[in-house]
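Coordinate inspection notes
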Amino acid sequence: MKIGIIIGTRPEIIKMSPVIHECKKRGIAYFIIHSNQHYSQEMDSIFFKELELPEPDYNLGVGFGLHSNQMGNILIEMEPILLQEKPDVVLVQGDTNTVLAGALAASKLDIKVGHIEAGLRSYDRTMPEETNRILTDHMSEYLFAVGPNQYAILAKEGIDGDKIFTVGNTVSDSLFQHLDISASTSTILADLGVTSGKFFLVTAHRASNVDIPANLLELLAVFDKLHAKYSQTIVWPIHPRTQAKLKEFSIELPSYLKLIPPIGYFDFIQLQKHAQLILTDSGGIQEEACLLGVPCITLRESTERPESIEVGANVLVGRDADRALAAADKWLASDAASFSWSNPFGDGHVAETILDIITNSVPSTLEKEII
Ligand code: UD1
Ligand code: UDP
């Protein structure tokens, strides 16, 4: 049995890390292909270091580009590697361009694809990730769904129920494994001069929010409205895409926004844990906020993670300042100690379950000819 593990961006490195460690622990043969879709130190190598991951066996160095160009380069670079390595199964995680290109490269060589985080749907086809999710799911032999909602979505799309495994999300493994170490090593609160429970945390990187000047200004108006009422410092580890857009549009930011470069996972866990509120358009941060018991205001009109809303941990506000303020008012009127909701994202042992399923069901095809 040999597993090919494909990663490319910050969230994939974080959420695939427990699977890589579990392969190592079980002595399963594996190799890592990193597309290098994310390549800056603070979006890439910092996570390998913190999560004690081995260097990728293959680094495709594709970097940034137009979507087809980026995916085309991944396909071209990946094919000879897969032909040479002949894995029994290739694992991809999430919904990025790396995921779709990796799944397609494997699928074209008749290599089984396992999709971790299968069955998520925002039903917003303007999101590039939605296309990536749907196509990847329909190319996969192993669909590792987070929960029953995702199972139902996949089944409704005609995917054979035998291929769908409800396992939870590896985000829970990564988070639970690193809560203690992040608490003992991170000095981020002191470094930023913020106090636990007395600041808001923001992240934003969706093209729909940051690539159009009017939308980015609307987003900033949300923060203005919240600050006008609550006077909290708003800490914003800024994604490189958003940083580039602020510069391109020559947008100046108010001083209450504490802009910092993207930070490591340990620091980010601690910032989330100690924030009074999280405002984000990220997928993974909606999950982590829910797991950490911190209220989340999602700066989007749809989410592929409705479970966090269903359990009462999250609310969608788009870029509407009034809706954001109403959500903040509701959260902040309650005692933070009373925030508790059920956990829809996994028990922290999801990678183990995934590898149990693969090792019990993949026949060794090492001798199989790949054409
Ligand atoms: C990508 C994924 C998105 C995921 C996000 C996680 C797709 C279509 N998008 O979006 O689903 O939520 O990653 O963060 O796959 N840049 C850097 N350094 C880097 C990476 C990017 O400066 O290490 C800059 C690029 O030059 C570009 C911008 O960030 O200007 C966008 O990068 P890209 O990887 O295309 O998309 P993301 O917005 O990061
Ligand atoms: N994250 C981080 N440092 C940051 C911002 C985010 O380590 O400055 C982590 C966060 O804990 C989560 C992941 O990155 O695990 C989310 O990545 P992102 O929001 O870029 O992608 P998405 O989840 O939206 O695809």
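Every value quoted in this text rests on a predicted model; they were computed, and no experiment measured them. (Residues numbered from 1 in each chain as written. Chains lettered and ligands numbered in written order. Predicted model: local features only at pLDDT ≥ 70, side-chain atom pairs only at ≥ 80, totals over all residues. Heavy atoms only, no water.)

1. Observations regarding the packing of helix 1 (residues 10-26) against helix 7 (residues 170-185)
Interhelical geometry of helix 1 versus helix 7 gives an angle of 85° and a closest axis separation of 8 Å. Comparing their axes, helix 7 and helix 1 come out roughly perpendicular. From helix 1, Ile14, Lys15, Pro18 and Val19 reach across to helix 7, where they touch Thr170, Val171, Asp173, Ser174 and Gln177. Looking at side-chain class alone, the contact of helix 1 with helix 7 contains four nonpolar, three polar and two charged residues. (Axes fitted to C-alpha atoms, helices over the stretch in contact; angles between N-to-C directions. Helix = DSSP H or I, 4+ residues; strand = E, 2+ residues; numbered from the N terminus. Parallel < 35°, antiparallel > 145°, perpendicular 65-115°, else oblique. Contact = heavy atoms within 4.5 Å. Nonpolar A, V, L, I, M, F, W, Y, C, P; charged D, E, K, R; others polar.)

2. Things to note about the domain arrangement of the protein chain
Along its sequence, the protein chain is organised into domain 1 (2-169 + 347-361) and domain 2 (176-338). Spacing between the C-alpha centres of domain 1 and domain 2 amounts to 26 Å. In this assembly, 24 residues from domain 1 lie in contact with 20 residues from domain 2. A combined buried area of about 1800 Å² lies between domain 1 and domain 2, and 53% of that area is made up of carbon and sulfur atoms. At the boundary of domain 1 with domain 2, the tally comes to four salt bridges. Here Glu129 ties to Arg206 by a salt bridge, and the two come within 2.9 Å at their closest N and O atoms. Of all elements in the fold, only helix 1, helix 2 (45-50), helix 5 (128-139) and helix 6 (148-156) reach the threshold of two or more residues within the side of domain 1 that touches domain 2. No other element matches the four residues that helix 1 contributes to the side of domain 1 that touches domain 2. (Domains from an automatic or database assignment. Buried area = accessible area lost by both parts, 1.4 Å probe. Salt bridge = Lys/Arg side-chain N within 4 Å of Asp/Glu carboxyl O.)

3. Overview of the site of ligand 2
The immediate surroundings of ligand 2 are formed by 18 residues, with Arg10, Ile263, Ser282, Gly284 and Glu288 found nearest. A distance of 2.8 Å is found between an oxygen atom of ligand 2 and a side-chain nitrogen or oxygen belonging to Arg206. Between Ser282 and ligand 2, the recorded distance is 2.7 Å, taken from a side-chain N or O atom to an oxygen atom. Sorting the residues of the shell around ligand 2 by element identifies helix 1, helix 12 (265-274) and helix 13 (283-292) as the ones contributing at least two each. The greatest single-element share of the shell around ligand 2, amounting to four residues, is contributed by helix 13. Of the residues assigned to the shell around ligand 2, the class counts are nine nonpolar, six polar and three charged. (Near = heavy atom within 4 Å. Polar contact = N/O pair within 3.5 Å; in protein donor to acceptor, adjacent residues only side chain to side chain.)

4. Structural notes on helix 4 (residues 97-108)
Across its 12 residues, helix 4 extends 16 Å between first and last C-alpha, which sits within 8% of the 16 Å expected from 1.5 Å per residue. In terms of residue burial, helix 4 counts as a mostly covered element, since nine of its 12 residues are buried. Here helix 4 has its buried residues at Asn97, Thr98, Val99, Leu100, Ala101, Gly102, Ala103, Ala105 and Ala106. As for helix 4, its buried residues are in contact with strand 1 (2-7), helix 1, helix 3 (67-85), strand 4 (89-93), strand 5 (112-118) and helix 5. (Expected span 1.5 Å × (residues − 1). Buried < 20%, exposed > 50% of the residue type's maximum accessible area, 1.4 Å probe, protein only.)

5. With respect to the pairing of strand 9 (residues 233-237)
Along strand 9, four of the five residues are buried, which leaves the element largely enclosed by surrounding structure. Pairing between strand 8 (residues 199-203) and strand 9: three bridges, direction parallel. Paired with Phe199 across the bridge in strand 9 is Thr233. Alignment of strand 9 against strand 10 (residues 257-260), held across four bridges, turns out to be parallel. By the bridge assignment, Pro237 is partnered in strand 10 with Ile260. Between the parallel pair strand 9 and strand 10, the chain is carried across by helix 11 (residues 240-248), and the sense of this crossover is right-handed. (Pairing = 2+ DSSP bridges. Right-handed = clockwise from strand over helix to strand, strands pointing away.)

6. Describing the packing of aromatic side chains
Using the criterion set out here, one finds nine aromatic pairs in the structure. A ring pair is formed by Tyr142 and Phe165, whose centres lie 6.2 Å apart and whose planes are at 25°; its orientation type is stacked. Separated by 23 residues along the polypeptide, Tyr142 in strand 6 (residues 142-145) and Phe165 in strand 7 (residues 164-166) bring together distant segments of the chain. What makes Phe165 partly exposed here is its relative accessible area of 22%. Measuring from ring centre to ring centre gives 5.6 Å for Trp331 and Phe339, while their planes differ by 85°; the resulting arrangement is edge-to-face. Of the two residues, Trp331 and Phe339, both sit in the buried class. These aromatic residues form a ring-pair network of at least three members: Tyr142, Phe144 and Phe165. Over the ring of Trp331 we find Lys330, and its NZ or CZ is 4.5 Å from the ring centre. (Phe/Tyr/Trp six-rings, centres within 6.5 Å; stacked < 30°, edge-to-face > 60°. Lys NZ or Arg CZ within 6 Å of the ring centre and 35° of its normal.)

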